[in-house]
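Fold and contact review
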Amino acid sequence: MPEPHTPTHASAAVAERHGAMRTLAPWLRWGTVAVLLALLLLDFAFPPPLPKARDTSTLVVARDGTPLRAFADRDGVWRYPASQERISPLYLQALLSYEDRWFYRHPGINPVALVRAGSQWLRSGRIVSGGSTLTMQVARILDPHTRTPWGKGKQLLRALQLEAHLSKREILQLYLERAPYGGTIQGVEAASWAYLGKPAAQLSHAEAALLAVLPQSPSRLRPDRHPEAARIARDKVLRRMQDLRVWTEAEVEDARVEAVVARTLKPPMGAVLLAQRLKRQQPGAARIVSSIDADLQHTLEERVAAYFSHLPGRTSAALLVVDNDTMQARAYIGSLGFADRQRLGHVDMVQAWRSPGSTLKPFLYALALDDGLIHSESLLVDAPQSFGGYRPGNFDAAFNGPVSVAEALRLSLNVPAVDVLDRVGPERFSARLANGGITLKYPRGATPNLSMILGGTGARLEELVGAFAAFNRGGLAGRVRHTESDPQSDRRMMSPGAAWIVREVLEANPRPGYGLGTFDVGSRPRVAWKTGTSYGFRDAWAIGGTRRHTVGVWVGRPDGTPLPGQYGALTALPLMFEVIDSLPRARNDGVPPPAPADVSEVDICWPLGLAMEPEAPQLCQRKRKAWALGGVVPPTFPERDARLWNAGRERFQVDAVSGMRLSADCNKPHQPGSAEIARWPALASPWLPAQERALSRLPALSPDCAPDGRDGSAELRIEGLNDRAILARAPGSVRGARLQLRALGTDASVQWLLDGRWLAQTRGAQSFQHDFDDPGEHVLTALAETGAWTSVRFKVLP
């Protein structure tokens with residue numbers, strides 16, 4: 001019978017171990033908890049020094065990503081925002097293959113790499129290969145440490161801490177933005193632009209290898225200072241990429257041939273004032289994408305600097321190019337020399353309030369067209385006139401007499417513009433401009449008045465360009481946009497028909513020096529352009545538009561002091577045409593667009609301004625082709641303050657035999673018949689040929705008829721200078737002949753013109769003195785506000 005079973009020594013040992021484990025389990029459990037709590041407390045007490053939500057440099061880029069201007073952070077470090085999507089895959093391959101192949105697998109430290117690096121150091125007494133992972137390098141960047149065992153241990157702990165707080169993507173993002181590249185440059189994007197002049201998304205194999213190795217020793221390997229050392233380090237990376245079969249042998253060989261060439265470090269400074277403006281508008285943005293065309297901006301900055309280099313000191317300039325379709329700015333130059341203190345280069349003249357000169361005139365004529373007041377060939381009179389005490393003159397001090405709306409606009413004549421504004425109303429015109437996006441600024445206490453059309457107000461280049469685009473956008477003005485996210489805001493400035501007519505008028509104005517038929521300009525885009533010069537030569541303007549772009553140029557002194565001799569057509573206009581000729585164009589840019597349905601071409605007649613009447617040819621003294629809007633052909637404006645003469649159709653009775661005029665009370669029998677004439681505005685008389693004056697004159701009244709009150713024109717005579725006189729200076733005198741002159745035959749105000757230029761103003765028989773010292777033949781004209789006038793011809797001897 002077998003013996004009963006008894007426990008063996010092995011069973012006893014197992015039981016003893018189980019007992020020990022049961023005894024140790026609580027200690028292990030609570031010990032683990034204690035360690036974890038300690039780690040949590042340490043993590044809470046010594047949190048990882050993670051960067052704030054955004055502490056990279058603010059980078060303003062062009063529409064294609066080219067940096068325009070970078071703003072260093074508070075420590076003066078150039079650090080551009082970067083992400084894996086905007087970095088070349090070649091760089092990421094080189095970085096991860098050369099620096100940390102197991103990045104996505106280790107917990108922040110690579111024990112195998114650390115043991116290998118330690119054994120190599122023990123055997124050779126020097127560092128052969130590093131054991132740092134990318135996470136450890138990020139830890140060192142965020143929390144620099146000493147090269148001691150304690151410092152290394154701190155780095156290891158920080159690496160583990162980073163892995164616990166951040167994802168691999170976030171850790172890699174920190175490295176891409178903060179890896180040191182020498183000097184104050186951090187991050188691969190900043191390094192790529194600083195050393196290579198290109199975005200990190202466009203790196204070649206050689207460039208990717210170079211930027212991957214530079215952070216190992218940024219000062220020693222800087223390619224702008226040590227190109228040979230940089231090349232050796234780069235080639236080492238290339239060999240590693242080939243050995244690991246990440247890149248092919250052919251790719252590596254091609255990369256090794258590529259020379260290490262680096263630019264001189266210089267932060268980008270393109271569209272500096274726009275970049276500053278966008279940064280101010282978006283203070284928290286790391287990367288601001290503007291609408292600027294980088295190549296165009298660079299080209300125009302160089303052109304503007306060269307073009308205006310000869311201008312006197314303290315002079316600045318501004319240029320704005322806008323795409324008509326999107327209203328996005330393609331080039332923005334706010335000043336001439338951002339760092340030039342003498343020129344006040346820090347002042348953005350694109351946004352500055354300046355006197356607009358004559359640049360508002362196209363908008364005025366467009367409004368008058370929409371109001372049915374004018375057509376393109378309406379008769380206006382460019383002669384001395386008084387508008388409630390306001391007496392404007394022209395830029396060249398000369399007058400042209402009868403002119404059309406189109407001629408008045410192309411020649412930028414002041415008196416006709418003031419005449420039209422007086423009939424439209426300054427307040428209403430100002431309100432229409434405001435609705436279209438042009439905010440005008442008046443002196444304190446001032447309101448819209450007649451001087452506004454000649455520059456007696458303040459406007460900004462950006463708003464003028466946005467409104468001027470309406471002439472190529474069917475009458476829609478727009479707010480200039482500087483980023484894709486800016487909302488497009490279009491406003492109705494004028495009807496499509498008025499925009500088309502005014503643009504046709506402006507485009508018909510040939511470029512200075514380009515007479516009709518002298519040059520073949522068929523390949524060039526049609527340009528509707530207008531210049532302006534403010535009072536005292538303080539501002540020179542040129543604004544022009546094509547089908548695709550609108551360009552505005554301003555030249556002057558930011559401090560508002562005069563710039564004698566510089567005016568729009570001389571200073572700003574040539575640059576505007578240079579810019580327009582350099583812009584991208586399409587095949588059909590030179591083809592005029594068809595007229596809107598409500599625009600028609602009609603034959604009109606002066607002086608009435610109405611459509612031609614075939615049955616009354618005597619009323620058509622000058623025939624013209626005009627653009628009319630909505631079928632409306634308005635008559636010539638009625639005269640202002642002319643008591644004796646009025647333009648218009650005048651009907652009367654004549655004797656069929658003698659042709660003399662009859663009144664209602666005649667003593668003899670006559671064979672009456674009716675007749676009519678078209679009279680010119682009285683102020684136009686001095687500029688009319690004798691034949692046209694005769695056609696507008698009433699026939700003489702028959703002697704047997706009582707006066708009918710129609711012979712009201714006073715006869716004016718100049719006293720002090722005879723017709724055909726010859727003047728000579730007194731012997732030994734340095735000045736010309738001095739004459740005392742006055743007009744006889746009127747009590748009204750008299751304007752005196754010398755060769756068509758304003759000379760003086762008198763009233764009634766009041767006299768004035770003038771020295772005639774310009775040799776040659778001259779014409780002196782006295783023009784009363786009643787319409788009466790006379791002139792004398794004379795000659796001044798040398």
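What counts as what
Residue indices begin from 1 for each chain and proceed along its sequence in written order. Totals for whole chains, interfaces and linings use every residue, but because this is a predicted model, local features are given only for residues with pLDDT of at least 70 and side-chain atom pairs only at 80 or more, for both listing and counting. Note that water and hydrogens are dropped before the side-chain values are worked out from all heavy atoms of the structure. Working definition: a ring pair exists when centres of Phe, Tyr or Trp rings (six-membered ring for Trp) sit within 6.5 Å. Plane angles under 30 degrees give stacked, over 60 give edge-to-face, the rest tilted. For helices the rule is a DSSP run of H or I covering at least 4 residues; for strands it is a run of E covering at least 2, with both sets numbered from the N terminus onward. Each residue is assigned to one of three classes by its accessible area relative to the maximum for its type, calculated with a 1.4 Å probe on protein chains only: buried under 20%, partly exposed between the two thresholds, exposed over 50%. Remark: a charge is flagged as sitting over a ring if the NZ atom of Lys or the CZ atom of Arg is within 6 Å of the ring centre and within 35 degrees of the ring normal. Any two strands are treated as partners once DSSP identifies two or more bridges connecting them. Working convention: axes come from line fits to C-alpha atoms, limited for helices to the stretch in contact. Angles between N-to-C directions cover 0 to 180 degrees. The disulfide criterion used throughout: a pair of cysteine sulfur atoms within 2.5 Å. What is meant by a nonpolar core is a set of buried Ala, Val, Leu, Ile, Met, Phe, Trp, Tyr and Cys residues, joined one to another through side-chain atoms within 4.5 Å. A contact between two residues is defined here by any heavy atoms of the two lying within 4.5 Å. Throughout this description, the term salt bridge denotes a Lys or Arg side-chain nitrogen within 4 Å of a carboxyl oxygen of Asp or Glu.

The next thing to look at is the packing of aromatic side chains. Evaluated as defined, the whole model comprises 12 aromatic pairs. Here tryptophan 529 and phenylalanine 577 contribute two aromatic rings whose centre-to-centre distance is 5.8 Å and whose plane-to-plane angle is 75 degrees, an arrangement assigned as edge-to-face. Taken together, the positions of tryptophan 529 in strand β12 (residues 528-533) and phenylalanine 577 in helix α19 (residues 568-582) put the pair 48 residues apart, joining distant regions of the chain. For the pair tryptophan 529 and phenylalanine 577, a shared accessibility class is recorded, and that class is buried. Among the aromatic side chains, those forming a connected cluster through ring pairs are Phe363, Phe468 and Phe471. Looking at lysine 279, its charged tip hangs above the ring of phenylalanine 71, at a distance of 5.3 Å from the centre. For arginine 624, the ring lying beneath its charged end belongs to tryptophan 606, and the centroid distance is 4.0 Å.

This part takes up the sheet that holds strand β20 (residues 717-719). Taken in spatial order, the three strands make up an open sheet running β20-β22-β25, and their pairing is antiparallel. Bordering the open sheet on either side are β20 and β25 (767-772), each of which pairs with just one other strand. If you compare each strand with its neighbour and ignore which way they point, the axes differ by 35 degrees on average. Relative to β25, strand β22 (residues 737-744) is paired through six bridges, and the arrangement is antiparallel. Bridging from a neighbouring strand, glutamine 740 pairs with glutamine 769 of β25.

Quick look at the state of the cysteines now. If you walk through the whole model with that rule in mind, you get two disulfides. The disulfide partner of cysteine 666 is cysteine 705, and the gap between their sulfur atoms is 1.8 Å. Since a negative S-S torsion denotes a left-handed disulfide, the cysteine 666-cysteine 705 link at about 100 degrees is right-handed. Taken together, the positions of cysteine 666 in the loop between β18 (661-662) and β19 (672-679) and cysteine 705 in the loop between α20 (690-695) and β20 put the pair 39 residues apart, joining distant regions of the chain. Overall, the relative accessible area of 23% leaves cysteine 666 in the partly exposed class. The class for cysteine 705 is buried, based on a relative accessible area of 8%. Counting only the cysteines that take part in disulfides, in the order they occur along the chain, gives the pairing 1-2, 3-4.

Glancing now at the sheet that holds strand β1 (residues 58-61). If you walk across this open sheet you meet the three strands as β2-β1-β5, and the pairing is mixed. Only two strands of the sheet have a single partner each, and these edge strands are β2 (67-71) and β5 (287-289). With direction set aside, neighbouring strand axes in the sheet form an average angle of 15 degrees. One ladder, built from four bridges, connects β1 with β2; its direction is antiparallel. Residue pairing across strands places valine 60 opposite arginine 69, the latter belonging to β2.

The nonpolar side chains of a soluble globular protein tend to be buried with one another. Formed by 82 residues in total, the largest nonpolar core has its most connected members in Phe363 and Phe429. Non-local contacts of phenylalanine 429, meaning those with residues more than four positions away in its chain, are made with Leu360, Phe363, Leu364, Leu367, Leu421, Val424, Met452 and Ile453.

Of the two faces of strand β8 (residues 379-382), the one carrying Leu379 and Val381 and the one carrying Leu380 and Asp382 are both buried. Across four bridges, β8 lies against strand β9 (residues 401-404) in antiparallel orientation. What sits directly across from valine 381, in β9, is proline 402.

Our focus in this paragraph is unusual backbone geometry. The amide bond that connects tryptophan 606 to the next residue, proline 607, takes the cis arrangement and shows omega of 10 degrees. Relative to the helices and strands, proline 607 is located in the loop between β15 (599-606) and β16 (622-629). The backbone phi angle of arginine 314 is positive, close to 65 degrees, even though this residue is not glycine. In this structure, arginine 314 sits in the loop between α12 (294-307) and β6 (316-323).

So, about the pattern of salt bridges. In the structure shown here, the tally under the stated rule is 36 salt bridges. Of the charged contacts, one joins glutamate 578 and arginine 303 as a salt bridge, the two residues approaching to 3.9 Å between their closest N and O atoms. Taken together, the residues span a long stretch of sequence, with glutamate 578 in helix α19 and arginine 303 in helix α12 at a distance of 275 residues. Classification of glutamate 578 as partly exposed rests on a relative accessible area of 33%. A salt bridge links arginine 423 to aspartate 419; the shortest N-O distance between them is 2.9 Å. Here the residue arginine 423 and the residue aspartate 419 both occupy positions in helix α15 (residues 414-424), the gap between them amounting to four residues, near one helical turn. Each of the salt bridges in this network shares a partner with another, and the network as a whole consists of Arg503, Glu504, Glu507, Arg526 and Arg547.

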